[in-house]
Amino acid sequence: MTSRLLMPYRSAGRAARSDVRRVARPPEVRGSTRATEILDWTDPGVTALVNRVRGRASAPETLRVAHGIIAREIRPVYSVEDRRRVSTTLRLGRGSCSQRMAVLEAVARAVGIRTRVRGLLVDGVFWYPRFPRLKPLVPRQVLLAWPEFRLEGAWVPIGELFGKGGGDGFTNRGGETLFDAVARTTVDWSGATACGATGGGCDLSAQVQTDLGHFDSRDALFARHGQTLCFAARTVTEPVLGRWSAGS
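Note that the coordinates shown come from a computational prediction; the quantities given were computed from them, not determined experimentally. (Residues numbered from 1 in each chain as written. Predicted model: local features only at pLDDT ≥ 70, side-chain atom pairs only at ≥ 80, totals over all residues. Heavy atoms only, no water.)

### What to know about the sheet that holds strand S5 (residues 154-157)
Short version of the rule: Two strands qualify as a pair provided that DSSP identifies no fewer than 2 bridges between them. Working definition: helices are DSSP H or I runs of at least four residues, strands are E runs of at least two. Numbering for both runs from the N terminus. For helices, the fitted line uses only the C-alpha atoms of the stretch in contact; every axis is such a line through C-alpha atoms, and the angle between N-to-C directions lies from 0 to 180 degrees. Here, two residues are considered to be in contact whenever any of their heavy atoms come within 4.5 Å of each other.
With respect to topology, four strands assemble into an open sheet ordered S5-S4-S3-S6, the strand pairing being antiparallel. Single-partner strands in this sheet number two, and they are S5 and strand S6 (208-215). Going across the sheet, the axis of each strand differs from the next one's by a mean of 30 degrees, ignoring polarity. Most of the contacts of helix H7 (residues 218-225) go to strand S4 (residues 141-151), to which it runs at about 155 degrees, and overall it touches strand S3 (115-123), S4 and S6.

This is how it looks when you write it as structure tokens:
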């Protein structure tokens, strides 16, 4: 069995209703370019990163260059503080997959690209390969804030930022994180993409237990649904997981 004790009350309750794949949502979420508590792109540390990517030929290229910088310079770890400010992640030089995606969102907003997130409750089993000896402690569901960017009149998920198709999909093993993987392969939570030698390697829709819909920001998602781990669990585990390099 997997742990419900580590999960916030609301998330633990949803774990018992995993047969519900979708919830009610507003018809359109426009996203925003404004700074938020998490996406604090007005901070000087974030501004310095933004200045390194300005002047690119197109908005997609700007985001791809920013992604490369983040991938190289922010060490991937298993931090569980999803509401950490982007400026703090940059100052520490390390961050979880979610925290590194938040950095990219902040850069996008700073250069005038609207962003929003799709909230997904992903089966905890998906993370078993990363924690083979700690499976009983893996939450039943993991709340994922999946960014989308308004590019050339359409919403582009981060999993398609480098194009659609190609690659062998994401296995969730080793040092590669979801954030890193999107640079070489499509990562699709909707079941619209199949790729790789065995087919379907990019399609992760079977791992989604509940689609929570779109939110103007990750701040709004976490304010409504909480984080994956409860406060006590985050307090105990963050000092260790926040320094534990992905894949080690």
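### A closer look at the pattern of salt bridges
Condition: The term salt bridge refers to a pairing of a side-chain nitrogen on Lys or Arg with a carboxyl oxygen on Asp or Glu at a separation within 4 Å. Accessibility here uses a 1.4 Å probe with only protein chains present; expressed as a share of the type maximum, an area under 20% marks a residue as buried, one over 50% as exposed, and anything in between as partly exposed.
A full pass over the atoms with the stated rule returns nine salt bridges. Arg-184 is the partner of Glu-176 in a salt bridge, and the nearest nitrogen-oxygen pair spans 2.8 Å. Residue class for Glu-176 comes out partly exposed when judged on its relative accessible area of 23%. One salt-bridge network, in which partners are shared between bridges, spans Glu-28, Arg-116 and Glu-148.

This is a description of form; function is not addressed.
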